[in-house]
Amino acid sequence: MNYYERPTALQEQAYAEARQHFAEHLNQFKANCDAIHNIESNLSAIANDAFRAALQSSGRVIQTDDGTQWQHAVDLTKITSVCRRRTSAGLEFAVVECLPFKSGEIKDVLNSGHDASEVLQTFARDQRQVLNLWKNDVTAQVREHLDEKYPHQDMSIVVESFDIKLARDISRRESVAQNQSHGVRI
Amino acid sequence: METIPENETQTAAPPVERLAYSVQEAADMLGVHYFSVYRLIQRGKLKTCRALRGKLLVPRAELLKLLETE
């Protein structure tokens, strides 16, 4: 809760109840922050693995929905992986997402480039933007939930505490990643 | 004279199709995790609107468009 303003008993109760109600969201959010943090922390090692894989011709072929053929190099998450292909301009790397929709799988290039490290950095930066989108949506859902459950009560301090908690989850990992990415070379 | 069978008079009205869904509902409909839906939104592949308190809503038309395209 907010350190500057003492919450009332009702606000404390609402906070505890909302923590329980949104527990799955909060756990999933933290797990995804951790996953992105791990990618950022191991960025140079993953880029090296992708580069080493590119020197070999092994790796399953993935055809993305734009018709481009890639070879799988390294898994990033359950549904995203670093892939590579040879072009006239040299090796190209991409982060490819395979989304298992009910109607069929889609395979999209999230971002690509000739430097594996830069491709991974761009991916990690984009994922942090996604986390911010998610954070703002969870905060809005908490606000909606509290407005319905505690009508005519000021629960702004409770909503704010959720927002701060989620922002800290993102920024703590971002600052660690920034510290660790200095001097990364492949 | 024909009479309306009793079970027909008691038939529930067909479910009204919603105009928009939350991210969680959209994820359930697509069969993916909701983080993937936020990813699609961030990449501009799914357009959203916002409810009164700022909650993201995915219009039904956008979901159908995505499913048809893919």
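For clarity, every value in this text was computed on a predicted model and none was experimentally measured. (Residues numbered from 1 in each chain as written. Chains lettered and ligands numbered in written order. Predicted model: local features only at pLDDT ≥ 70, side-chain atom pairs only at ≥ 80, totals over all residues.)

So, the overall build of chain B
Applied cut-off: Only runs of H or I of at least four residues qualify as helices and only runs of E of at least two qualify as strands under DSSP, and these elements are numbered from the N terminus. Partly exposed residues are those whose C-beta has more than 12 but fewer than 20 other C-beta atoms within 10 Å; with 20 or more the residue is buried, with 12 or fewer it is exposed, and the C-beta atoms are placed from the backbone. Residues are treated as contacting if the C-beta atoms built from their backbones sit within 7 Å of each other.
Scanning chain B from N- to C-terminus turns up 4 helices and 3 strands. The linear arrangement of helices and strands in chain B, starting from the amino end, is α-β-α-α-β-β-α. A buried classification covers 23% of the 70 residues belonging to chain B. Sequence-distant contacts in chain B: of pairs separated by 6 or more residues, those separated by 24 or more amount to 41%.

Examining the environment of Asn 27 of chain A
Along the chain, Asn 27 of chain A turns up in helix α2 (residues 23-41). In sequence terms Asn 27 of chain A and Val 158 of chain A are 131 residues apart; their C-alpha atoms lie 18 Å from each other.

Quick word on α2 of chain A
Residues and elements named next belong to chain A. We count it as follows: Each residue after the first adds 1.5 Å to the expected span of a helix. Directions pointing from the helix axis toward each C-beta atom define the arc.
If you check α2, its first and last C-alpha atoms are 26 Å apart, about what 19 residues at 1.5 Å a residue would give, namely 27 Å. Buried within α2 are the following residues: Phe 29, Asn 32, Cys 33, Ile 36, His 37, Ile 39 and Glu 40. In a view along the axis of α2, the buried residues occupy a sector of 160 degrees, so they form one face of it. Of the exposed residues in α2, those oriented more than 90 degrees away from the buried face are Ala 23, Glu 24, Asn 27, Ala 31 and Asp 34.

What to know about the interface of chain A and chain B
What counts, and what does not: When residue character is reported, Ala, Val, Leu, Ile, Met, Phe, Trp, Tyr, Cys and Pro are called nonpolar, Asp, Glu, Lys and Arg charged, and the others, Gly included, polar.
With 21 residues of chain A at the contact, the number on the chain B side is 16 residues. For the side of chain A that touches chain B, the secondary-structure elements that each account for two or more residues are β4 (90-101), β5 (104-113) and α4 (116-149) of chain A. Within the side of chain A that touches chain B, the residues separate by chemical class into 9 nonpolar, 6 polar and 6 charged.

Quick word on the sheet that holds β5 of chain A
All names here are of chain A. Put simply, the rule is: The pairing criterion is simple: DSSP has to find at least two bridges between the two strands. Where helices are involved, their axes are fitted lines through C-alpha atoms of the stretch in contact, as for all axes, and angles between N-to-C directions lie from 0 to 180°.
Strand order in this open sheet of 5 strands is β1-β2-β3-β4-β5, and the pairing throughout is antiparallel. Single-partner strands in this sheet number two, and they are β1 (61-63) and β5. Across the sheet, the mean angle from the axis of one strand to that of its neighbour is 45 degrees, orientation sign disregarded. Of the strand pairs in this sheet, strand β3 (residues 80-87) and β4 are connected by 8 bridges, and their pairing is antiparallel. Following the sheet pairing, Arg 86 is matched in β4 by Leu 91.

Let's talk about the pairing of β5 of chain A
Residue and element names in this part refer to chain A. As paired strands, β4 and β5 are joined by 9 bridges and run antiparallel to one another. Paired with Glu 97 across the two strands is Asp 108, which belongs to β5. The loop that links β4 with its antiparallel partner β5 comprises 2 residues.

Topic: the nonpolar core
Using the following cut-off: Working definition: the nonpolar core is a set of buried Ala, Val, Leu, Ile, Met, Phe, Trp, Tyr and Cys residues, joined through C-beta atoms within 7 Å.
One finds Ile 46, Ala 50, Val 82, Leu 120 and Val 158 of chain A together with Val 37 of chain B to be the most contacted residues of the largest nonpolar core, which totals 51 residues. In terms of residue count, the dominant contributor to this core is α4 of chain A (11 residues). If sequence neighbours within four positions are ignored, Ala 50 of chain A has contacts with Ala 73, Val 74, Val 82, Arg 84, Phe 93 and Ala 116 of chain A.

Digging into the sheet that holds strand β1 (residues 20-21) of chain B
Residue and element names in this part refer to chain B. In space, the 3 strands of this open sheet follow the order β1-β3-β2, with antiparallel pairing throughout. Of all the strands in the sheet, just β1 and β2 (49-50) have a single pairing partner and so form its edges. Here β1 pairs with strand β3 (residues 56-59) via 2 bridges, running antiparallel. The residue of β3 that forms the bridge with Ala 20 is Pro 59.

What about the confidence of the model for chain A?
Definition in use: For every residue, the pLDDT score states the predictor's confidence, bounded by 0 at the bottom and 100 at the top.
For chain A, the average pLDDT comes to 89, and 90% of its residues sit at 70 or higher. Within the model, pLDDT remains below 50 along residues 180-186 of chain A, and this stretch shows 12 contacts once partners closer than five positions in the same chain are excluded.

Notes on the packing of helix α3 (residues 43-55) of chain A against α4 of chain A
Residues and elements named next belong to chain A. Worth spelling out the cut-off: Relative orientations are named as follows: roughly parallel for angles under 35 degrees, roughly antiparallel for angles over 145 degrees, roughly perpendicular for angles from 65 to 115 degrees, and oblique for any other angle. Less than a right angle of anticlockwise turn of the near helix away from the far helix marks a crossing as left-handed, whereas a clockwise turn marks it as right-handed.
One way to put it is that α3 packs onto α4 with a least axis distance of 9 Å and a crossing angle of 130 degrees. As far as their axial angle goes, α4 and α3 are oblique. Like other packed secondary-structure pairs, α3 and α4 cross with a definite hand, here right-handed. Here α3 contributes Leu 43, Ser 44, Ile 46, Ala 47, Ala 50 and Phe 51 to the contact with α4, which in turn contributes Ala 116, Ser 117, Leu 120 and Gln 121. Tallied by class, residues from the contact of α3 with α4 come to 7 nonpolar, 3 polar and no charged.

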